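# Coordinate analysis (summary)
Here is how the chains run, residue by residue.
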Amino acid sequence: MEDFRRMYLRLCKEGGVEPQESVVAQLQEGRAAQGSRLDLSGQSLSVDTCSVLARAFQKETYFTEVSLSDCMLSEEAKVLLTGLFGNNTVKILDLKGNNLRSSGAEVLGKLLAHNKTLRLVMEWNALGVWDEAFSLFCEGLASNGVLTHLDLRNNQINHHGASELALALKRNTALEVLLRWNSIGLLGGRSLLEALQKNKSIVQLEMAGNNIPCDTLKALHNSDRQSTLRESRSRTQVLSMEIQTLKDMKGRQFLNLMETIDRQREEISHSNSIQIGQLQEALNERKSAVNSLTALQMTEAALALSEQKNHNMGEVLTRVKAEKEEQRERQSRERKKEQERLEIEKRRSKQALEDMDTLRQKEVEHMNCHLEESERALQERIFKLEGQRIQLEEELSKAKAACVTERVQAEEELGRVRAQVRLEEQEQVSALEEKLRSVRSSLQEVQLHCSQQKQTISELQAKTSQQSAETDGLRRRIEELQQELSGKDREKVAEVSRVKVELQEQIGHLQAERTAQAGLREKISALERELKLRGNHREALLDKESEMSSMQEKLRLREAEILRMREDEANRASYLQSAILTYVQGSPLGQYSSPKK
């Protein structure tokens, strides 16, 4: 990490570029780790920094994993990814959440065509927005025969992009694709289903959240289950071949043991025949010695002595013959006993081997049954977990869609309510203005009428001197007119108070509508909180995926245990063979044949 930091600073100095402080700080923090992973996730990389890093990737051969997730690389990715064209050291490149667009998709296609050792993580980008750029990416993917895992979740891939990806899958024979949460649709699903008829290497193709009809999605999952079934069948064939190999090896060991026993029996019989010949030669030598002694001592003086010696030699001869016969009988009895013992040992070893074979077959059958049951249980559990995960994802997508629709409906309802309230306010204001104008006009009329009455009163007062007789009548008329005027004034005051009451009622209605708007706002905030709670389902899905990885780890440990049991069985067979050889060599026949060697 320190060497890469120095290289980065040197290249910045050579290119006249100011080193980015956040990148230098990240490299300074990762210097203590001394690992093979470069983590620049979450850093906002400039174009100059990307060009310097591209030059460093062209020269650097230390890191095997580079994480550039959530760096928001859009057009900068074109500059950065060119440095990895000739780099065969980096094995994993994490570009998650970078909003890669047309230029990024084109450079990724070229990268996949040039680099044959890289594994990509591409979720949460926008590769499928531009059809032409995504087709170039699919061409590079088709020419890459090393990439085995590609995550294209949330890349806005439509049915055109799915068709291009299907063409790439027809040519690619080593890929596992994840396409959840895109917009593939019916046409894209059919294109992928057609590609799966020719591509037999895909183990898992996740299609949840792609707006694919149920029958097409079921056909895609059926093809996935067929690939899993093919894999399990291939594993079963490998296990049966290994079991047959073990049986053949045990048969060969048994035949070798029988050949060793027969060979030792032949050696024992050959050694016995050699010993009998040696005894016959010794007897012949003794006979020749007796004949020579009898020829040398054939004098008359030693006739009695020679006769006595003859008699003694005859006795010796008879004794030797008796000893020879006895030795022959003893050897024949020993040979019969040895043959019987060898037959018994042979039967015992054969029975032991048969027992071992039956025991091994039972153990193998038991292990096979146990493995099949465990595999079935694991497959059923995996299918159940997969179904639960798909169901949860579908529920999450439905909940998100429902929340979005409810939010849109609430916003539309709020807009309608606001427009209606504004319209009603305008109508009420216009009505109130119209009423005010009518009140003012009526007030002017009353004032005009009052002025006219005042003029009439003045005229009547002027005529009082002339019409004294009519004074009382005029006064009564004046009083009546004053009463009418006061009644009209009271009516105007009552009408004005009524208008005020109506205005207060309208103000109360407006305040009630304002409280209703506040209730709508609270409902919108409650919906947003519910949407945040729905986001916790993603963590549950991650827990399910971790549980699936633990299941796969348990399966790998079980396979390692089976391999260890096979090694123990091989060691046990070798120990048995060595014990039988040691037993045969330690027997009396083995000790009897050892001096010849």
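Residues numbered from 1 in each chain as written. Predicted model: local features only at pLDDT ≥ 70, side-chain atom pairs only at ≥ 80, totals over all residues. Heavy atoms only, no water.

Helix and strand counts for the protein chain come out as 13 helices and 7 strands. Classification of the 597 residues of the protein chain by burial places 31% in the buried group. Considering only contacts within the protein chain whose residues lie at least 6 apart along the sequence, 84% involve residues at least 24 apart. Within the structure as shown, the protein chain displays about 37,400 Å² of accessible surface, and the carbon and sulfur contribution to it stands at 53%. (Helix = DSSP H or I, 4+ residues; strand = E, 2+ residues; numbered from the N terminus. Buried < 20%, exposed > 50% of the residue type's maximum accessible area, 1.4 Å probe, protein only. Contact = heavy atoms within 4.5 Å. Areas by Shrake-Rupley, 256 points an atom, 1.4 Å probe, with all protein chains shown as cover.)

Okay, the nonpolar core next. Core analysis: the largest hydrophobic core is formed by 64 residues, its most contacted members being Leu68, Leu93, Leu108 and Phe137. Broken down by secondary-structure element, the contributors of at least two residues to this core are helix H1 (2-15), helix H2 (21-29), helix H3 (47-59), helix H4 (76-81), helix H5 (102-114), helix H6 (131-143), helix H7 (159-171) and helix H8 (185-198). When residues of this core are assigned to their parent elements, the largest contribution, 6 residues, is made by H6. The residues touching Leu93, leaving out its near neighbours within four places in the chain, are Val66, Leu68, Leu81, Leu84, Leu111, Leu118, Arg119, Leu120 and Val121. Leu257, Leu353, Ile580 and Val584 belong to the second largest nonpolar core, which has 5 residues in total. (Core = buried A, V, L, I, M, F, W, Y, C linked by side-chain atoms within 4.5 Å.)

On to the environment of Leu84, then. Relative to the helices and strands, Leu84 resides in the loop between H4 and strand S3 (92-94). When the C-alpha positions of Leu84 and Gln58 are compared, they lie 6.4 Å apart, and in sequence the two are 26 residues distant. Those residues in contact with Leu84 that sit more than four places away from it in its chain are Phe57, Val90, Leu93, Leu111 and Asn115.

Okay, the packing of aromatic side chains next. Counting across every chain of the model gives 3 aromatic pairs. Centroid distance Phe4 to Phe57: 6.3 Å. Interplanar angle 20°. Geometry classified as stacked. With Phe4 in helix H1 and Phe57 in helix H3, this residue pair connects regions lying 53 residues apart in the sequence. Judged by relative accessible area, Phe4 falls into the buried class, the value being 4%. (Phe/Tyr/Trp six-rings, centres within 6.5 Å; stacked < 30°, edge-to-face > 60°.)

Over its 13 residues, H7 runs 19 Å from end to end, which matches the ideal 18 Å to within 8%, given 1.5 Å per residue. Along H7, the residues classified as buried are Gly161, Ala162, Leu165, Ala166, Ala168 and Leu169. One side of H7 carries all its buried residues, which in axial view fall inside an arc of 165°. In this structure Asn158 caps H7, since a side-chain oxygen of it lies 3.3 Å from the backbone nitrogen of His160. (Expected span 1.5 Å × (residues − 1). Arc of directions from axis to C-beta. Polar contact = N/O pair within 3.5 Å; in protein donor to acceptor, adjacent residues only side chain to side chain.)

Our next topic: the environment of Thr89. Within the secondary structure layout, Thr89 lies in the loop between H4 and S3. Classification of Thr89 by relative accessible area gives partly exposed; the value is 22%. Sequence separation of Thr89 and Glu65 is 24 residues, and the distance between their C-alpha atoms is 8.7 Å.

Interhelical geometry of H1 versus H3 gives an angle of 125° and a closest axis separation of 10 Å. Taken together, H1 and H3 sit at an angle that is classed as oblique. Crossing angle aside, the handedness with which H1 passes H3 is right-handed. Only Thr49, Val52, Leu53, Arg55, Ala56, Phe57 and Lys59 of H3 make contact with H1, whose side of the interface consists of Phe4, Met7, Tyr8, Leu11, Cys12, Glu14 and Gly15. (Axes fitted to C-alpha atoms, helices over the stretch in contact; angles between N-to-C directions. Parallel < 35°, antiparallel > 145°, perpendicular 65-115°, else oblique. Left-handed = near helix turned anticlockwise from the far one by under 90°.)

A full pass over the atoms with the stated rule returns 13 salt bridges. The partner of Glu14 in a salt bridge is Arg10, with the nearest N and O atoms 3.2 Å apart. In this pair, Glu14 and Arg10 are both assigned in helix H1, 4 residues apart and thus about one turn of the helix distant. Judged by relative accessible area, Arg10 falls into the partly exposed class, the value being 39%. Glu434 is the partner of Arg437 in a salt bridge, and the nearest nitrogen-oxygen pair spans 2.4 Å. Of the two residues, Arg437 and Glu434 are both situated in helix H10 (residues 303-462); the distance of 3 residues between them amounts to about one turn of the helix. Note on Glu434: relative accessible area 46%, which makes it partly exposed. Several salt bridges share partner residues, and in doing so they unite Arg10, Glu14 and Arg55 into one network. (Salt bridge = Lys/Arg side-chain N within 4 Å of Asp/Glu carboxyl O.)

With respect to the secondary-structure elements, Ser442 resides in helix H10. A distance of 2.7 Å separates a polar atom in the side chain of Ser442 from the backbone oxygen of Val439.

For the pair H1 and H2, the least separation of the axes is 9 Å and the interaxial angle reads 160°. Classified by the interaxial angle, the pair formed by H1 and H2 is roughly antiparallel. In terms of crossing hand, the pair formed by H1 and H2 is left-handed. Each of Phe4, Arg5, Tyr8 and Leu9 in H1 lies in contact with H2, whose residues at this interface are Val23, Val24, Leu27 and Gln28. For the contact of H1 with H2, the residue count by class is 6 nonpolar, 1 polar and 1 charged. (Nonpolar A, V, L, I, M, F, W, Y, C, P; charged D, E, K, R; others polar.)

This paragraph deals with H2. All buried positions along H2 are accounted for by Val23, Val24 and Leu27. The buried residues of H2 all sit within an arc of 100° when viewed along its axis, so they share a single face. Among the exposed residues of H2, those oriented more than 90 degrees off its buried face are Glu21 and Glu29. Buried positions along H2 lie against H1, strand S1 (37-39) and H3.

Before going further, it helps to spend a moment on unusual backbone geometry. In this structure, Trp124 takes a positive phi of about 60° despite not being glycine. Mapped onto the elements of the fold, Trp124 is located in the loop between strand S4 (119-121) and H6. Positive phi, normally seen in glycine, also occurs at Asn154, with a value near 55°.

Turning our attention to the confidence of the model for the protein chain. For the protein chain, per-residue confidence averages 77 on the pLDDT scale, and 84% of positions sit at 70 or higher. Looking over the protein chain, one finds the lowest element-wise mean pLDDT in helix H13 (residues 588-593), namely 48, and the highest in strand S2 (residues 65-67), namely 89. For residues 589-597, every residue scores under 50 in pLDDT, and the model assigns this stretch 11 contacts once sequence neighbours within four places are set aside. (pLDDT = per-residue confidence, 0-100.)

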